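Listed below, chain by chain, are the residues.
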Amino acid sequence: MAKIPTSSTRPQHTPVPAMPLERTLTYRLHLLHKLTDLESQRAYLAEAGLPLSDGRCLASIGAFEPLSVNDLAHRANLNKGQASRAAQSLVDQGLVLKQASPTDGRGVVLSLTEAGRSQWRRTMEVIERRNQAIFGALSESDQARLGELFDRLIEHARHQATPPDEADQSSVVNTVSTPV
């Protein structure tokens, strides 16, 4: 005879959320990210001659130089390994100068070379066009309001984030400082 499950062995059913998944903010942000990244990847290669991660790193270095690799990872919204590989690629291309850090004996600082500064301007033009293409669907007042809302959401998320020393480093999300 089959044993009838007791309440302690029955699978627990979780309530269905009130909002469908495709209407949640996180789902829509991720979808928008994926849709815009596909075109951004194409634009960075075709218009700036750089892979997306190299272009994002070059944009961040040019905007915030000098940067350590850790600072670059944070500013370009990449993990340290990705930032390190992109930085080395930019160094190998002659676009970025890597020097010993004056404050950290084991660290390096990254800054643009003259060729890097010229490439940075081209990359920033790509970023500007991408932003116009993405936000062009909104009126100027809607763009301003969306910017304000994003600022509030980012600040709120920063306050909720687990400090990096308490979280698994591989799952820490960096703050996006560089537009796509």
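To start, this report covers the structure provided alongside it.

What counts and what doesn't
- Residues numbered from 1 in each chain as written.
- Predicted model: local features only at pLDDT ≥ 70, side-chain atom pairs only at ≥ 80, totals over all residues.
- Heavy atoms only, no water.
- Axes fitted to C-alpha atoms, helices over the stretch in contact; angles between N-to-C directions.
- Helix = DSSP H or I, 4+ residues; strand = E, 2+ residues; numbered from the N terminus.
- Parallel < 35°, antiparallel > 145°, perpendicular 65-115°, else oblique.
- Contact = heavy atoms within 4.5 Å.
- Nonpolar A, V, L, I, M, F, W, Y, C, P; charged D, E, K, R; others polar.
- Patch = residues over 30% accessible without salt bridge, like charges linked within 9 Å, V, L, I, M, F, W, Y side chains within 5 Å.
- Areas by Shrake-Rupley, 256 points an atom, 1.4 Å probe, with all protein chains shown as cover.
- Salt bridge = Lys/Arg side-chain N within 4 Å of Asp/Glu carboxyl O.
- Buried < 20%, exposed > 50% of the residue type's maximum accessible area, 1.4 Å probe, protein only.
- Pairing = 2+ DSSP bridges.
- Core = buried A, V, L, I, M, F, W, Y, C linked by side-chain atoms within 4.5 Å.

1. Comments concerning the packing of helix H3 (residues 69-76) against helix H4 (residues 80-92)
Between two packed helices, the angle of one axis relative to the other and the distance separating the axes together describe the packing.
Here is step 1 of the chain: In contact at an axis separation of 8 Å, H3 and H4 are set at 105° when each is read in the N-to-C sense. By the angle between their axes, H3 is roughly perpendicular relative to H4. Contacts between H3 and H4 involve Val69, Asn70, Leu72 and Ala73 from the first element and Lys80, Ala83, Ser84 and Ala87 from the second.
Here is step 2 of the chain: Along the lines of polarity and charge, the residues of the contact of H3 with H4 split into five nonpolar, two polar and one charged.

2. Remarks on the environment of arginine 85
Here is step 1 of the chain: On the secondary structure map, arginine 85 appears in helix H4.
Here is step 2 of the chain: In sequence terms arginine 85 and aspartate 54 are 31 residues apart; their C-alpha atoms lie 8.7 Å from each other.

3. Focus: a nonpolar patch on the surface
Here is step 1 of the chain: Taken together, Leu21, Tyr27, Leu31 and Leu35 make up a surface patch of nonpolar side chains, about 390 Å² in accessible area.
Here is step 2 of the chain: Inspection of the secondary structure puts leucine 31 in helix H1 (residues 25-48).
Here is step 3 of the chain: Leucine 31 gets classed as partly exposed once you look at its relative accessible area, which sits at 41%.

4. Details of the pairing of strand E2 (residues 108-112)
In summary, the side chains of a regular strand alternate between the two faces of the sheet.
Here is step 1 of the chain: Among the five residues of E2, four are classified as buried, and the element is accordingly described as predominantly covered.
Here is step 2 of the chain: Where strand E1 (residues 96-100) meets E2, five bridges bridge the pair, whose relative direction is antiparallel. Looking across to E2, one finds that lysine 98 is bridged to leucine 110.

5. Focus on unusual backbone geometry
Here is step 1 of the chain: A cis amide bond, omega -10°, links glutamate 65 with the succeeding residue proline 66.
Here is step 2 of the chain: Backbone geometry places asparagine 77, a non-glycine residue, at a positive phi of 60°.

6. With respect to the nonpolar core
Here is step 1 of the chain: Ranked by internal contacts, the top residues of the largest apolar core, which has 18 residues, are Cys57, Leu58, Ile61, Leu72, Leu90, Val96 and Leu110.
Here is step 2 of the chain: At the level of secondary structure, the elements contributing two or more residues to this core comprise helix H2 (52-64), H3, H4 and E2.
Here is step 3 of the chain: Leave out the neighbours within four places in its chain, and leucine 110 touches Ile61, Glu65, Pro66, Leu67, Ser68, Val69, Leu72, Ala87, Val96, Leu97 and Lys98.
Here is step 4 of the chain: Counting seven residues, the second-largest nonpolar core is a separate cluster that includes Tyr44, Ala48, Leu52 and Ile127.

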